[in-house]
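Listed below, chain by chain, are the residues.
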Amino acid sequence: MSSNKTNRFIPLWLAIAAIIGIVIGTFYGNHFQGNRLNIINAGSNKLTNLLYMLDDQYVDSVDVPSLVEKAIPLILGELDPHSVYISANDVEMANDDLRGSFSGVGIEFIIRNDTLRVQNVITGGPAEQAGLIAGDKIVLVDDSVFTGEGLTNELAMHKLKGPQGTEVKLGVVRYGEKDIRDFIVTRDQIVTHSVVATYMLDDATGYVKIKNFSDNTYEELLVALAQLSMDGFKQLVIDLRGNTGGYLHSAVEIANQLLPRDRLIVYTEGRRSPREEYRSNGHGSYKYMPLVVLIDEGSASASEILAGAIQDNDRGTIIGRRSFGKGLVQQPIPFTDNSMMRLTIARYYSPSGRCIQKPYTSGMDRDYEEDLLMRYQNGEFFSQDSIKHTGPEYYTIGGRTVYGGGGITPDIFVPEDTTDYTTYYREASYSGLIIQFGYDYTDQNRQKLSEYEDEESLVKFLKKQNLVEKFAQYADSHGLKRRNLMIQRSHKLLEEFILSRIVYNMLDEQSWLQYLNEDDPAVKEALRVLNAGEAFPKTPEKNEGQEEEKPDKVAQAYDYRSTHLRHTLIVKA
């Protein structure tokens, strides 16, 4: 028994040794030019000596670099849930969304039945210029077979992305044709957008969907707001649902556009990181416009910074469900082999002083990983009363009570609607069959569907095609047994999901969102609040003649619907 326990800790010891060795080597490498210090020279250190002994005396040869690659994630995993190691092969992919651009062929793709299928061709990109179209199946890359069980998103991106100006030869099977077509595509810079939808919900209300916070998000938002200004918007909905975050500076710049002068937006603080505050400068053009921000359990990090700044400053109304609760600040630390560590160095605090980060224990915290599932099981997605506030009370600038303990709790709660939810719908959603059916239907009817250039006319046509029945037959032939009563009960949900996928396949992300938003309860509630003139939160009333008491915690004295419909992964390359 004692031997087994000892064996269990060997990976951790190796991890500690590896990380210390790397840190020491990096430190001396950066501070003493030309002086390379091998980790084995740190003879007084037991842990670094362990690596040396393994390399020098172990019975079999030891691949130390490989050991280090495996060890670093283990040691970081003992710290917190968001300190991570990114290998050199994965660094570029990890940074693409945040940079707002990448070098590739310019397609969106999915992998179905071990084959890469072009979901969309990016307008003006290299693939479009070379002649690829949506629906093409890429079966050869540089004359090598590109299908089979080993085909993954990571492999596809590795093959299709590359330095600007380089060429890649693609072998393509087009629907209705047997022969393989060859295309030579010259890779180029592809711009990725984080503001993915901008349109008017009604004559006065503008809507903006922010997918993440990249280098370009602030500039994209200014363009979106200028467009809405031309349309005459007088009030605004910012949709942050499913937005997992990104760069702090993008969230701060956007908050600055929305807040009056000298309002605290967020501050960070850590053991070795002194408190750093971010405040508005008063130059924003939209600081008095009625505002609603939509959040859900998928909104994290920079999304929570923006939502918290709006809520704590009583600047607008937050609608939806409690956000994820990621309030740890990571600093990128590169290594000489181009790999990278993102190390947590501080915490985010909203203007009222509450920490956005939800509780966790050091090491591999299973409860943390399963938090959203536990929230669902505890009923939090369906009832506001099920939200458990474990942290202390804090106060907004106007004296409203808000809570610490992790995440941003909305001012107005909108539950998941499970009225028509059945096990059949759940299996159809989770199995991927709806997405697969939507793609196959689009592929087989692309010529007819291309006659409809906007979401409204396309949906009107699709609703006449009895798609739920066609899907039920398709699913039955693919292993999902038909359940007529459940299909009837979930008919509306099934139809909405199916139509949304076809709209996305044929048009674009904005059209997809416009369709989903038409019957979205959070969007409807946002419109109700704005049109009733209730966007600015009401603060506690004081008795006449009563002097205002300043709360002691006011900082600076002042559906599964979303999972399956809104968060479907489409990969770009």
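This text follows the structure it describes.
Residues numbered from 1 in each chain as written. Predicted model: local features only at pLDDT ≥ 70, side-chain atom pairs only at ≥ 80, totals over all residues. Heavy atoms only, no water.

Visitor: So what about the overall build of the protein? Which residues, and what values?
Guide: Looking only at helices and strands, one finds 21 helices and 22 strands in the protein. Counting only residues that meet the buried cut, the protein has 50% of its 573 residues in that class. Carbon and sulfur atoms make up 49% of the accessible area of the protein, which totals about 28,200 Å². (Helix = DSSP H or I, 4+ residues; strand = E, 2+ residues; numbered from the N terminus. Buried < 20%, exposed > 50% of the residue type's maximum accessible area, 1.4 Å probe, protein only. Areas by Shrake-Rupley, 256 points an atom, 1.4 Å probe, with all protein chains shown as cover.)

Visitor: Go over the sheet that holds strand 15 (residues 291-295) with me, naming the residues and quoting the values.
Guide: Here 6 strands make up an open sheet; going across it, the order is 10-11-12-15-16-21 and the pairing mixed. The open sheet has two free edges, formed respectively by strand 10 (195-200) and strand 21 (412-413), since each of these has just one partner strand. Bridge count between strand 15 and strand 16 (residues 317-320): 4 bridges; the pairing is parallel. Looking at strand 16, one finds that Ile295 is bridged to Gly320. (Pairing = 2+ DSSP bridges.)

Visitor: Explain the packing of aromatic side chains to me, and be specific about the residues and the numbers.
Guide: Here the structure, examined in full by the defined rule, presents 10 aromatic pairs. Pairing Tyr267 with Tyr349 gives two aromatic rings, centres 5.0 Å apart and planes at 10°, and the pair type is stacked. In this pair, Tyr267 sits in strand 13 (residues 264-269) while Tyr349 sits in strand 18 (residues 340-349), placing the two residues 82 residues apart along the sequence. Residue Tyr267 shares its accessibility class with Tyr349, and that shared class is buried. A centroid spacing of 5.4 Å and a plane angle of 85° characterise the contact between Tyr504 and Trp512, whose relative ring orientation is edge-to-face. (Phe/Tyr/Trp six-rings, centres within 6.5 Å; stacked < 30°, edge-to-face > 60°.)

Visitor: Residue-level account of unusual backbone geometry, with values.
Guide: Backbone geometry at Asp314 places phi at a positive 50°, although glycine is not the residue there. Here the phi dihedral of Asn466 falls at roughly 55°; this positive angle occurs in a residue that is not glycine.

Visitor: Now, about the packing of helix 7 (residues 217-230) against helix 8 (residues 248-258): what can you tell me, with residues and values included?
Guide: Running from amino to carboxyl end, helix 7 crosses helix 8 at an angle of 30°, the nearest separation of the two axes being 8 Å. Judged on the interaxial angle alone, helix 8 and helix 7 are roughly parallel. The residues of helix 8 that touch helix 7, namely those facing Thr217, Tyr218, Leu221 and Leu222, are Ser250, Glu253, Ile254 and Gln257. A class-by-class count of the residues in the contact of helix 7 with helix 8 yields 4 nonpolar, 3 polar and 1 charged. (Axes fitted to C-alpha atoms, helices over the stretch in contact; angles between N-to-C directions. Parallel < 35°, antiparallel > 145°, perpendicular 65-115°, else oblique. Contact = heavy atoms within 4.5 Å. Nonpolar A, V, L, I, M, F, W, Y, C, P; charged D, E, K, R; others polar.)

Visitor: Go over the packing of helix 15 (residues 455-462) against helix 18 (residues 491-506), please, and point to the residues and values.
Guide: The geometry of helix 15 relative to helix 18 is characterised by a closest axis approach of 10 Å and an angle of 135° between their N-to-C directions. With respect to each other, helix 15 and helix 18 are oriented oblique. Between helix 15 and helix 18 the crossing geometry is right-handed. Contacts from Glu455, Leu458, Val459 and Leu462 of helix 15 reach helix 18 at Leu499, Ile502, Val503 and Met506. In terms of residue class, the contact of helix 15 with helix 18 is built from 7 nonpolar, no polar and 1 charged. (Left-handed = near helix turned anticlockwise from the far one by under 90°.)

Visitor: Summarise a negative patch on the surface; cite the residues concerned and give the values.
Guide: Where like charges cluster on the molecular surface, the negative patch consists of Glu453, Asp454, Glu456 and Glu518. Locating Asp454 in the fold gives a position in the loop between helix 14 (446-449) and helix 15. For Asp454, a relative accessible area of 38% translates into the label partly exposed. (Patch = residues over 30% accessible without salt bridge, like charges linked within 9 Å, V, L, I, M, F, W, Y side chains within 5 Å. Salt bridge = Lys/Arg side-chain N within 4 Å of Asp/Glu carboxyl O. Lys, Arg positive; Asp, Glu negative; His and termini not counted. Charge placed at Lys NZ, Arg CZ, Asp CG, Glu CD.)

Visitor: Which residues make up the environment of Gln510, and what are the values?
Guide: You can see Gln510 is positioned in helix 19 (residues 509-517). In this structure, the C-alpha to C-alpha distance between Gln510 and Val208, residues 302 residues apart in sequence, is 9.8 Å. If near-sequence neighbours (up to four positions away) are discounted, Gln510 is found in contact with Val196, Ala197, Thr198 and Tyr199.

Visitor: Describe the environment of Asp371, listing the residues and the values that go with them.
Guide: Tracing the sequence through the fold places Asp371 in helix 11 (residues 371-377). Between the C-alpha atoms of Asp371 and Phe324, which are 47 residues apart in sequence, the distance is 8.9 Å.

Visitor: Outline the pattern of salt bridges, supporting the account with residue identities and numerical values.
Guide: A pair can form between side chains of opposite charge whenever their charged atoms are brought close. Within this structure, the stated rule accounts for 23 salt bridges. Across the pair Lys169 and Asp143 runs a salt bridge whose closest N-O atoms are separated by 3.1 Å. Highlighted residues: Lys169 in strand 7 (residues 167-173) and Asp143 in the loop between strand 5 (137-141) and strand 6 (144-145), separated in sequence by 26 residues. The exposure class of Lys169 is partly exposed, given its relative accessible area of 25%. Here Asp262 and Arg279 are joined by a salt bridge, their closest N and O atoms 3.6 Å apart. Of the two residues, Asp262 sits in the loop between helix 8 and strand 13 while Arg279 sits in strand 14 (residues 276-279), which places them 17 residues apart along the sequence. By relative accessible area, Asp262 is classed as partly exposed at 40%. Within this structure, Lys209, Asp239, Arg241 and Asp520 form a network of salt bridges that share partners.

Visitor: Pulling in residues and values, what's your account of the environment of Leu372?
Guide: Checked against the element boundaries, Leu372 lands in helix 11. Take Leu372: its relative accessible area is 29%, and that puts it in the partly exposed class. Distance in space between the C-alpha atoms of Leu372 and Ser323 is 9.9 Å, their sequence separation being 49 residues. Beyond its immediate sequence surroundings of up to four residues, Leu372 is in contact with Glu297, Phe324 and Phe381.

Visitor: Could you give an account of helix 13 (residues 433-444), with specific residues and numbers?
Guide: Between its first and last C-alpha, helix 13 extends 16 Å over 12 residues, near the 16 Å set by a 1.5 Å rise per residue. Most of helix 13 sits out of view: 11 of its 12 residues are buried. Among the residues making up helix 13, those that are buried are Leu433, Ile434, Ile435, Gln436, Phe437, Gly438, Tyr439, Asp440, Tyr441, Thr442 and Asp443. (Expected span 1.5 Å × (residues − 1).)

Visitor: Provide a residue-level description of the nonpolar core, including the pertinent values.
Guide: Counting 51 residues, the largest nonpolar core has Leu462, Phe471 and Leu494 as the members making the most contacts within it. With 9 residues, the single largest contributor to this core is helix 18. If sequence neighbours within four positions are ignored, Leu494 has contacts with Tyr424, Tyr425, Ala428, Ile434, Val468, Phe471 and Ile487. Core analysis: the next-biggest nonpolar cluster, separate from the first, contains 39 residues, Leu221, Leu236, Ile265 and Ile310 among them. (Core = buried A, V, L, I, M, F, W, Y, C linked by side-chain atoms within 4.5 Å.)

Visitor: Account for helix 18, with residues named and values stated.
Guide: The end-to-end C-alpha separation of helix 18 is 22 Å, in line with the 22 Å expected for 16 residues at 1.5 Å each. Counting buried positions along helix 18 gives 13 out of 16 residues, so the element sits mostly inside the fold.

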